[in-house]
Amino acid sequence: MALFHARYGEVLILLSLIVALFSFFWSNAQGRGALTLRRILAGLLDLEILIGLITAALVSVPWGRFIWHPLAMIVAAVFAHLAARRQDRQASWFSALTVVFLLLGFLAARSALA
């Protein structure tokens, strides 16, 4: 379960990076297609958080330094939901902040488990 959570999270980081780049660099990225992509990303992040909670319940987690991983991921999900609610230029910024916090959460998990 922990390996699935880790691999799914890595795929999710790549997907969110693609969505953020799409929102930033294409002029028609404020249309319904981009909004749909951002909504799908927010839903996938919610699923990843649920899988992470299940994994944390099944596996003994060293919560000392590891607490930064779930906090960063929850903040990333909040920004993803903010991006999914908007169709203006701010959605691109929220998508970029989603990527930043996903990367911070990824790095927090790697450093805590190393």
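For the structure given in this document, a descriptive report is provided here. Predicted model, so just to flag it, every value in this text is computed and none were measured.

## A short note on the overall build of the protein
Phase 1 of the analysis: Along its length, the protein carries five helices and zero strands.
Phase 2 of the analysis: In sequence order, the protein lays out its α and β elements as α-α-α-α-α.
Phase 3 of the analysis: Over its C-alpha atoms the protein spans a radius of gyration of 14 Å, differing by no more than 12% from the 13 Å that the globule rule assigns to 114 residues.
Phase 4 of the analysis: Projected onto its principal axes, the C-alpha positions of the protein cover 45 × 20 × 20 Å.
Phase 5 of the analysis: Looking at the protein residue by residue over its 114 residues, the buried ones come to 38%.
Phase 6 of the analysis: The contacts of the protein with a sequence gap of at least 6 include a subset with a gap of at least 24, amounting to 80%.
Phase 7 of the analysis: Of the roughly 6,800 Å² of accessible surface on the protein, 75% is carried by carbon and sulfur atoms.
Phase 8 of the analysis: Of note, the protein has its 9 positive side-chain charges centred 5 Å away from the centre of its 4 negative side-chain charges.

## Observations concerning the pattern of salt bridges
Pairing is possible between side chains of opposite charge, provided their charged atoms come close.
Phase 1 of the analysis: What the rule picks out here adds up to two salt bridges.
Phase 2 of the analysis: Close ionic contact of Arg-110 with Glu-10 constitutes a salt bridge, the shortest N to O distance being 2.7 Å. Taken together, the positions of Arg-110 in helix α5 (residues 90-113) and Glu-10 in helix α1 (residues 2-25) put the pair 100 residues apart, joining distant regions of the chain.
Phase 3 of the analysis: According to the relative accessible area criterion, Glu-10 is partly exposed, its value standing at 26%.

## Describing the packing of helix α2 (residues 32-58) against α5
Phase 1 of the analysis: Packing of α2 against α5 leaves a shortest axis separation of 12 Å and a crossing angle of 30 degrees. Accordingly, the angle class assigned to the pair α2 and α5 is roughly parallel. Crossing hand, α2 versus α5: left-handed. Here Arg-38, Leu-41 and Leu-45 of α2 come into contact with α5, specifically with Ala-91, Ser-95, Thr-98 and Leu-102.
Phase 2 of the analysis: Among the residues making up the contact of α2 with α5, the classes are represented as four nonpolar, two polar and one charged.

## Overview of the packing of aromatic side chains
Phase 1 of the analysis: Taken as a whole, this structure holds four aromatic pairs when the rule is applied.
Phase 2 of the analysis: Consider the rings of Phe-4 and Tyr-8, whose centres lie 5.8 Å apart with planes at 10 degrees: the pair is stacked. One end of the pair, Phe-4, and the other, Tyr-8, are both in helix α1, four residues apart, so they sit about a helical turn from each other.
Phase 3 of the analysis: Given a relative accessible area of 16%, Tyr-8 falls into the buried group.
Phase 4 of the analysis: Taken together, a centroid distance of 6.1 Å and an interplanar angle of 25 degrees make the contact between Phe-79 and Phe-94 stacked.

Cut-offs and rules
Residues numbered from 1 in each chain as written. Predicted model: local features only at pLDDT ≥ 70, side-chain atom pairs only at ≥ 80, totals over all residues. Heavy atoms only, no water. Helix = DSSP H or I, 4+ residues; strand = E, 2+ residues; numbered from the N terminus. Rg over C-alpha atoms; globule rule 2.2 N^0.38 Å. Buried < 20%, exposed > 50% of the residue type's maximum accessible area, 1.4 Å probe, protein only. Contact = heavy atoms within 4.5 Å. Areas by Shrake-Rupley, 256 points an atom, 1.4 Å probe, with all protein chains shown as cover. Lys, Arg positive; Asp, Glu negative; His and termini not counted. Charge placed at Lys NZ, Arg CZ, Asp CG, Glu CD. Salt bridge = Lys/Arg side-chain N within 4 Å of Asp/Glu carboxyl O. Axes fitted to C-alpha atoms, helices over the stretch in contact; angles between N-to-C directions. Parallel < 35°, antiparallel > 145°, perpendicular 65-115°, else oblique. Left-handed = near helix turned anticlockwise from the far one by under 90°. Nonpolar A, V, L, I, M, F, W, Y, C, P; charged D, E, K, R; others polar. Phe/Tyr/Trp six-rings, centres within 6.5 Å; stacked < 30°, edge-to-face > 60°.

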